[in-house]
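This is what each chain is made of:
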Amino acid sequence: MSTAPTTLRDTAADTGRGVLEARLTSLSRAEFARDVWGRAPLLTRGAGDFSDLFSASAVDELVSRRGLRTPFLRVAKDGSTLPEASFTSSGGAGATVSDQLDDTALWRSFADGATLVLQALQRTWEPVADLASRLGTELGHPVQANAYVTPPQNRGFDAHYDVHDVFVLQIAGTKRWIVHEPVHPDPLRDQPWTDHRAAVADAARGEAYLDTVLEPGDVLYLPRGWLHAAEAQGAVSIHLTLGVHTWTRHALAEQLTRAALALLRDDLEMRGSLPVGVEGPDDELALVRRRLAEALAEADPAPLFHRARRGQARPGALGPLAQLAAVDGLSAGTPVRLREALEARLDGGRLSTRVGWLDFPETDLPAVRRALDGEVHHAGDLGVPFVERLLRAGVLVPAGP
């Protein structure tokens, strides 16, 4: 994997600023939350040098040397997605897969005007993964990353809206972005733009809210629902899209309702059958509404929320061989740290994370709290048996030299 001259962690540490301010908007998290988040687009010129995150050589490496399979790549032309069979082939002897990317086919499609969409880069390209993880932690909403590689004078997709917020980082070349106001503000995840295809097409013919050309180093933030279309200019364009999959009050309402229904499972009367010969719910609705309202007032959606949140992203990388070496060589002087992006939550004596849960006796809780502070600790300071347990569970990782 290519290494960057400086990492995001170095940049943040040097500046003392969060990801938003250090790399994307020049605004603090508080300013962004108050003035921009979910409200309107924000264009930031010259936000920074993104060569440490992604590049043309990164595209070539991912396409030709990593053995990627679908759906890690889509190919689009003239507003439509090409069939996967047109750019995949067998992995060759011993691979036993039939859908690896075919770099020759991709080259031909790209030369013919198709856009390459490298998906889920938070799983395949370390600098982007680091950025997405840190931004997700800072925003409190999960983040995924795609790269769009568009030939000169071509458009990958027609005007549409996304059901998630996006940060667009222009990496190479230039791209014209035409943005229109929403036809369906704040769409939920099951309300795609195709549900409003005619309204989207009609709005896209009207006066644009924003019509601008992004150059390398520029960043454009778009809340979900804002219409947009983009077209490369006189050279190949590469941009990263960081998709922020926002939690909504509707999602919280769904979890609250599920928690209330779980309580009603223990209500004997609610488990009772409707009367014989019932033709509709009218006669029973008053009782059901009253009991449901009582359950909603009593229900706690927090466990469901945190469980769903943990499932929306993956923890930081863990090398099995390095982990085994840490366990085998464990001593009082071994430095360890909390694994990144674990979404660790201590509730009473139970530690819940993205890799499972562990129960601890009261005597271990001070060590658990210290381990969760994100700092580097020596095993002897936390307790060697305690550290070994968390290393084996994948909660702690070796901190390195």
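We now turn to the structure provided with this report. (Residues numbered from 1 in each chain as written. Predicted model: local features only at pLDDT ≥ 70, side-chain atom pairs only at ≥ 80, totals over all residues. Heavy atoms only, no water.)

Overview of the pairing of strand E16 (residues 350-353)
Here's step 1: With three bridges connecting them, strand E15 (residues 345-347) and E16 associate as antiparallel partners. By the bridge assignment for E16, aspartate 347 is matched with arginine 350.
Here's step 2: Connecting E15 to the antiparallel partner E16 that follows it, the hairpin turn spans two residues, and glycine 348 within it adopts a positive phi of roughly 65°.
Here's step 3: With four bridges connecting them, E16 and strand E17 (residues 356-359) associate as antiparallel partners. In the sheet register, threonine 353 faces E17, and the bridge partner there is glycine 356. (Pairing = 2+ DSSP bridges. Helix = DSSP H or I, 4+ residues; strand = E, 2+ residues; numbered from the N terminus.)

A few points about the packing of helix H8 (residues 249-264) against helix H10 (residues 302-311)
Here's step 1: Two elements in contact, H8 and H10, have axes whose closest approach is 8 Å; the angle formed by their N-to-C orientations is 125°. One finds that H8 runs oblique with respect to H10. Crossing angle aside, the handedness with which H8 passes H10 is right-handed. Contact residues: Leu252, Gln255, Arg258 and Ala259 in H8; Leu304, Phe305 and Ala308 in H10.
Here's step 2: Considered class by class, the residues forming the contact of H8 with H10 number five nonpolar, one polar and one charged. (Axes fitted to C-alpha atoms, helices over the stretch in contact; angles between N-to-C directions. Parallel < 35°, antiparallel > 145°, perpendicular 65-115°, else oblique. Left-handed = near helix turned anticlockwise from the far one by under 90°. Contact = heavy atoms within 4.5 Å. Nonpolar A, V, L, I, M, F, W, Y, C, P; charged D, E, K, R; others polar.)

Details of the pattern of salt bridges
Here's step 1: Counting across every chain of the model gives 16 salt bridges.
Here's step 2: Here aspartate 202 makes a salt bridge to arginine 205, at a shortest N to O gap of 3.6 Å.
Here's step 3: Among the residues examined, arginine 205 registers a relative accessible area of 63% and is labelled exposed.
Here's step 4: One connected set of salt bridges, linked through shared partners, spans Asp130, Arg134 and Glu340. (Salt bridge = Lys/Arg side-chain N within 4 Å of Asp/Glu carboxyl O. Buried < 20%, exposed > 50% of the residue type's maximum accessible area, 1.4 Å probe, protein only.)

A closer look at the layout of surface pockets
Here's step 1: Estimated volume of the second largest pocket: approximately 630 Å³.
Here's step 2: In terms of residue class, the lining of the second largest pocket is built from 14 nonpolar, 13 polar and four charged. (1 Å grid on protein atoms, 1.4 Å probe; cavity = no way out; pocket = protein on both sides within 12 Å on 5 of 7 lines; lining within 4 Å. Points joined across faces, edges and corners; volume = space filled by probe spheres on them.)

Re the side chain of histidine 239
Here's step 1: Along the chain, histidine 239 turns up in strand E13 (residues 237-244).
Here's step 2: A relative accessible area of 3% places histidine 239 in the buried class.
Here's step 3: At 3.3 Å, the side chain of histidine 239 forms a polar contact with the side chain of threonine 241.
Here's step 4: Residue contacts for histidine 239: discarding those within four places in its chain leaves Asn146, Ala147, Tyr148, Val168, Leu169, Gln170, Ile171, Lys175 and Trp177. (Polar contact = N/O pair within 3.5 Å; in protein donor to acceptor, adjacent residues only side chain to side chain.)

Regarding the sheet that holds E15
Here's step 1: Here we have three strands laid out as an open sheet, ordered E15-E16-E17, and antiparallel in their pairing. Edge positions in the sheet fall to E15 and E17, since each of these pairs with one other strand and no more. Adjacent strand axes in the sheet meet at a mean angle of 20° when their direction is disregarded.

Some details on the packing of aromatic side chains
Here's step 1: Inspection of the entire model under this criterion finds nine aromatic pairs.
Here's step 2: When the ring of phenylalanine 32 is compared with that of tyrosine 221, the centres are 5.1 Å apart and the planes differ by 75°; the resulting orientation is edge-to-face. With a gap of 189 residues between them, phenylalanine 32 in helix H3 (residues 29-35) and tyrosine 221 in strand E11 (residues 219-222) connect regions that are remote in the sequence.
Here's step 3: For phenylalanine 32, a relative accessible area of 1% puts it in the buried group. (Phe/Tyr/Trp six-rings, centres within 6.5 Å; stacked < 30°, edge-to-face > 60°.)

Things to note about the nonpolar core
Here's step 1: Formed by 43 residues in total, the largest nonpolar core has its most connected members in Phe54, Leu118, Leu121, Phe167 and Leu169.
Here's step 2: The contact partners of leucine 169, leaving out residues within four places of it in the chain, are Leu24, Phe50, Leu53, Leu131, Asp218, Val219, Ile238, His239, Leu240 and Leu242. (Core = buried A, V, L, I, M, F, W, Y, C linked by side-chain atoms within 4.5 Å.)

Remarks on the packing of H8 against helix H9 (residues 282-298)
Here's step 1: At their nearest, the axes of H8 and H9 sit 8 Å apart, and the two run at 115° to each other. In terms of axis orientation, H8 runs roughly perpendicular to H9. As H8 packs across H9, the resulting crossing turns out to be right-handed. Touching Leu256, Thr257, Ala260, Leu261, Leu263 and Leu264 of H8 are Arg291, Leu292, Ala295, Leu296 and Glu298, all from H9.
Here's step 2: Looking at the contact of H8 with H9 residue by residue, the classes come out as eight nonpolar, one polar and two charged.

Limitation: the analysis is restricted to geometry and does not speak to function.
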